[in-house]
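These are the residues of each chain, in order.
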Amino acid sequence: QCRDWMIPVGSSTSMFYQQKAWNSSSWIEHCQEQFGVTPTPRLQNLWNELHANSNFAKKLLFTNGMNDGWSAASKLYNGTDDEGVITLNFPNGAHHSELQSEWPLSYDTADISKGFEQITTILQTWISQKTNRD
């Protein structure tokens, strides 16, 4: 996280932790001291670019396992937003459980198995649309 994304943690008024105003300089200093890296928020910059230039990308699919601690920084609804970004949340999903290379696995929960089917259908549709245009 320190290298790619700067999430303004600790700046919410709904948290029970001591409130601190978000300060990117403090975050950079923390990352340098704790991990020896200087943040280069390329994912954040990419996200900003996507919002600034609608021609930059035409298809985005976010998947999110709700048992993943990082889910709090994601889109927390299923569906397609006004910009065409599709979000699929998995109540029993954990970090990358929806991105395994083989599936279904014997221990996959029903929502993960269904999610693989949804992801496959969405990607096949996009590939088909692209192939039919060319």
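The structure contained in this document is the topic of the report that follows. Please read these numbers as outputs of a predicted model, since none were measured by experiment.

1. Some points on the sheet that holds strand S1 (residues 61-65)
(1) Moving on: Across the sheet, three strands lie side by side as S1-S3-S2; this open sheet has mixed pairing. Every other strand in the sheet has two partners, leaving S1 and strand S2 (79-80) as the edge strands with one partner each.
(2) Moving on: Direction of pairing for S1 relative to strand S3 (residues 86-90): parallel, over a ladder of five bridges. Directly across from Gly65, in S3, lies its bridge partner Phe90.

2. Considerations on helix H1 (residues 24-35)
An α-helix turns once per 3.6 residues; consequently, residues spaced three or four apart project the same way.
(1) Moving on: Between its first and last C-alpha, H1 extends 16 Å over 12 residues, near the 16 Å set by a 1.5 Å rise per residue.
(2) Moving on: Of the residues trailing H1, Gly36 is marked for its positive phi of about 70°.

3. Concerning the nonpolar core
(1) Moving on: Within the largest apolar cluster, eight residues are counted, these being Ile86, Leu88, Phe90, Ile112, Phe116, Ile119, Ile122 and Trp126.
(2) Moving on: Of all the secondary structure elements, the ones that give two or more residues to this core are S3 and helix H3 (110-133).
(3) Moving on: Contacts of Ile122, omitting those with residues within four sequence positions, involve Leu61, Ile86 and Leu88.

4. Quick notes on the environment of Lys59
(1) Moving on: You can see Lys59 is positioned in the loop between helix H2 (42-52) and S1.
(2) Moving on: Assessed through its relative accessible area of 39%, Lys59 is described here as partly exposed.
(3) Moving on: When the C-alpha atoms of Lys59 and Trp126 are compared, they prove to be 7.9 Å apart, with 67 residues separating the residues in sequence.
(4) Moving on: If we skip the residues at most four places from it in the chain, Lys59 touches Trp126 and Gln129.
(5) Moving on: Looking at Lys59, its side chain comes within polar contact range of the side chain of Gln129, at 3.4 Å.

Procedures and definitions
Position numbers for residues count from 1 along each chain, tracking the sequence in the order it is written. Local features in a predicted model are, by the rule used here, given only for residues with pLDDT of at least 70; side-chain atom pairs are given and counted only at 80 or more, and totals for whole chains, interfaces and linings are based on all residues. With hydrogens and water set aside, each side-chain value is computed from the structure's full complement of heavy atoms. Here the rule is simple: two strands pair whenever DSSP picks up at least two bridges between them. Under the DSSP-based scheme used, a helix requires at least four consecutive residues in state H or I and a strand at least two consecutive residues in state E, with every element numbered from the N terminus. Expected span, for any helix, means 1.5 Å times one less than how many residues it has. Put simply, buried Ala, Val, Leu, Ile, Met, Phe, Trp, Tyr and Cys residues joined by side-chain atoms within 4.5 Å make one nonpolar core. For every residue, the accessible area (1.4 Å probe, protein chains only) is compared with the maximum for its type, and the residue is labelled buried under 20%, exposed over 50%, or partly exposed between those bounds. Should any heavy atoms of two residues lie within 4.5 Å, those residues are considered in contact. Any N or O atom pair separated by 3.5 Å or less is treated as a polar contact, with the protein-specific requirement of one donor-capable and one acceptor-capable atom, and with residues adjacent in sequence counted only for side-chain atom pairs.

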